[in-house]
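# What the coordinates show
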Amino acid sequence: MAHIPDGVLSTPVLITGAVVTTGLLAAAIRRLDFDRIPQAAVLSATFFIASLLSVPVGPSSVHLILNGLMGVILGWAAVPAIFVALIMQAVFFGYGGLLVLGVNTMNIALPALLCAALLGPALRRSDGRFSLIWGAVSGAVGVLLTGTLVSLCLGLSSADFLPAAKVVLATYTPLMIAEAAVTGFTLGFILKVAPELITIPE
């Protein structure tokens with residue numbers, strides 16, 4: 001459950017998410033590389049579709065997030081790409097919601113930027129199986145950070161949500177494995193055929 005629905009979070013958490021996302025979008029637009037727009041569009045569409053395909057895990061459900069992949073490929077362009085996809089999901093499918101758009105964007109985009117900044121350089125220097133390993137780490141770290149942020153948002157909104165926050169975080173474990181595999185193999189392939197696509201945010 002990377003998407004938190006409307007009516008769950010407290011006002012301070014909603015305001016914090018909106019402020020952080022506004023800052024991220026402003027920074028991303030200033031740094032926007034127009035050559036990255038086609039890639040951003042493709043990955044935004046991929047994220048849009050993948051997020052709609054949920055798999056039940058215990059009392060919750062999970063879906064591919066792909067923020068580690070988007071982060072290391074797009075850098076700052078991942079922020080508007082994620083934001084646009086989340087708007088479309090909220091408007092067309094009622095997935096998440098407009099009130100929590102800032103929080104959901106923050107929870108997914110911040111880990112994407114961290115993966116790009118921390119793991120992007122290692123990916124660019126790696127080859128062979130090491131690119132697969134670093135790619136897998138990017139996928140797993142992106143999911144872990146998103147799960148942690150989602151749990152924090154729930155826990156900070158109300159003490160009643162603390163048990164649910166723990167369950168949500170636990171359900172991210174199998175998703176980390178899936179994301180590690182998908183991201184690892186995808187980035188391993190990209191580094192073989194077009195390594196210039198892996199970016200590092202300035």
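Now for a look at the structure at hand. None of these values were measured; they are calculated from a predicted model.

Calculation rules
Residues numbered from 1 in each chain as written. Predicted model: local features only at pLDDT ≥ 70, side-chain atom pairs only at ≥ 80, totals over all residues. Heavy atoms only, no water. Helix = DSSP H or I, 4+ residues; strand = E, 2+ residues; numbered from the N terminus. Rg over C-alpha atoms; globule rule 2.2 N^0.38 Å. Contact = heavy atoms within 4.5 Å. Phe/Tyr/Trp six-rings, centres within 6.5 Å; stacked < 30°, edge-to-face > 60°. Buried < 20%, exposed > 50% of the residue type's maximum accessible area, 1.4 Å probe, protein only. Core = buried A, V, L, I, M, F, W, Y, C linked by side-chain atoms within 4.5 Å. Polar contact = N/O pair within 3.5 Å; in protein donor to acceptor, adjacent residues only side chain to side chain. Disulfide = S-S within 2.5 Å. Patch = residues over 30% accessible without salt bridge, like charges linked within 9 Å, V, L, I, M, F, W, Y side chains within 5 Å. Areas by Shrake-Rupley, 256 points an atom, 1.4 Å probe, with all protein chains shown as cover. Salt bridge = Lys/Arg side-chain N within 4 Å of Asp/Glu carboxyl O. Expected span 1.5 Å × (residues − 1). Bend = angle between axes of the 7 residues up to and from the residue.

### Re the overall build of the protein
When you go through the protein residue by residue, the secondary structure sums to seven helices and two strands. The N-to-C order of helical and strand elements in the protein reads α-α-β-β-α-α-α-α-α. By the compact-globule yardstick of 17 Å for 202 residues, the protein fits well, its C-alpha radius of gyration being 16 Å. With the principal axes as the frame, the protein shows a C-alpha extent of 50 × 35 × 30 Å. Considering only contacts within the protein whose residues lie at least 6 apart along the sequence, 80% involve residues at least 24 apart.

### Brief notes about the packing of aromatic side chains
In this description, an aromatic ring pair is defined by two values, namely the gap between the centres and the angle between the planes. By the definition in use, this model includes one aromatic pair. Ring centres of Phe48 and Phe93 lie 5.9 Å apart, and the angle between their planes is 45 degrees; on these two criteria the pair is classed as tilted. Here Phe48, found in helix α2 (residues 37-52), pairs with Phe93, found in helix α4 (residues 78-93); they are 45 residues apart in sequence, far enough to count as distant. Overall, Phe48 belongs to the buried group, its relative accessible area being 15%.

### Topic: the environment of Gly139
Position of Gly139 among the secondary structure elements: in helix α6 (residues 129-157). In this structure Gly139 comes out as buried when scored by relative accessible area, which is 0%. Sequence separation between Gly139 and Leu175 is 36 residues, and the spatial gap between their C-alpha atoms is 9.5 Å. Every residue in contact with Gly139, bar those within four places of it in the chain, is listed here: Glu179, Ala180 and Thr183.

### Things to note about the nonpolar core
Counting 47 residues, the largest nonpolar core has Ile73 and Leu74 as the members making the most contacts within it. Elements that contribute at least two residues to this core include exactly α1 (11-30), α2, α3 (67-74), α4, α5 (101-125), α6 and α7 (162-193). In terms of residues, this core owes the most to one element, α5, which gives nine residues.

### Let's talk about the environment of Thr148
Counting through the fold element by element, Thr148 comes out in helix α6. Here the side chain of Thr148 touches Leu144 through a polar contact of 2.8 Å, landing on its backbone oxygen.

### Notes on the state of the cysteines
The full count for this structure, using the stated rule, is zero disulfides. Here Cys115 stays free of any disulfide, with the sulfur of Cys153 as its closest cysteine sulfur at 17 Å. Since its relative accessible area comes to 1%, Cys115 is described here as buried.

### Things to note about the side chain of Thr183
Locating Thr183 in the fold gives a position in helix α7. Here Thr183 falls in the buried class, since its relative accessible area comes to 0%. The residues touching Thr183, leaving out its near neighbours within four places in the chain, are Leu69, Gly135, Ser138 and Gly139.

### Some thoughts on a nonpolar patch on the surface
Where nonpolar side chains cluster on the molecular surface, the patch consists of Ile49, Leu52, Leu53, Val84, Met88, Val91, Phe92, Phe93 and Leu98 and spans about 890 Å² of accessible area. The element best represented in the nonpolar patch is α4, accounting for five residues. Within the secondary structure, Val91 is located in helix α4. By relative accessible area, Val91 is classed as exposed at 51%.

### Considerations on α7
In a regular helix each residue adds 1.5 Å, so 32 residues correspond to 46 Å; α7 covers 45 Å between its end C-alpha atoms and thus fits that length. Pro174 marks the point of greatest bend in α7, at about 35 degrees.

### Points about the environment of Ile198
Relative to the helices and strands, Ile198 resides in the segment after α7. Among all residues touching Ile198, those that are not within four sequence positions of it are Val72, Ile73, Gly120, Leu123, Arg124, Leu187, Ile190 and Leu191.

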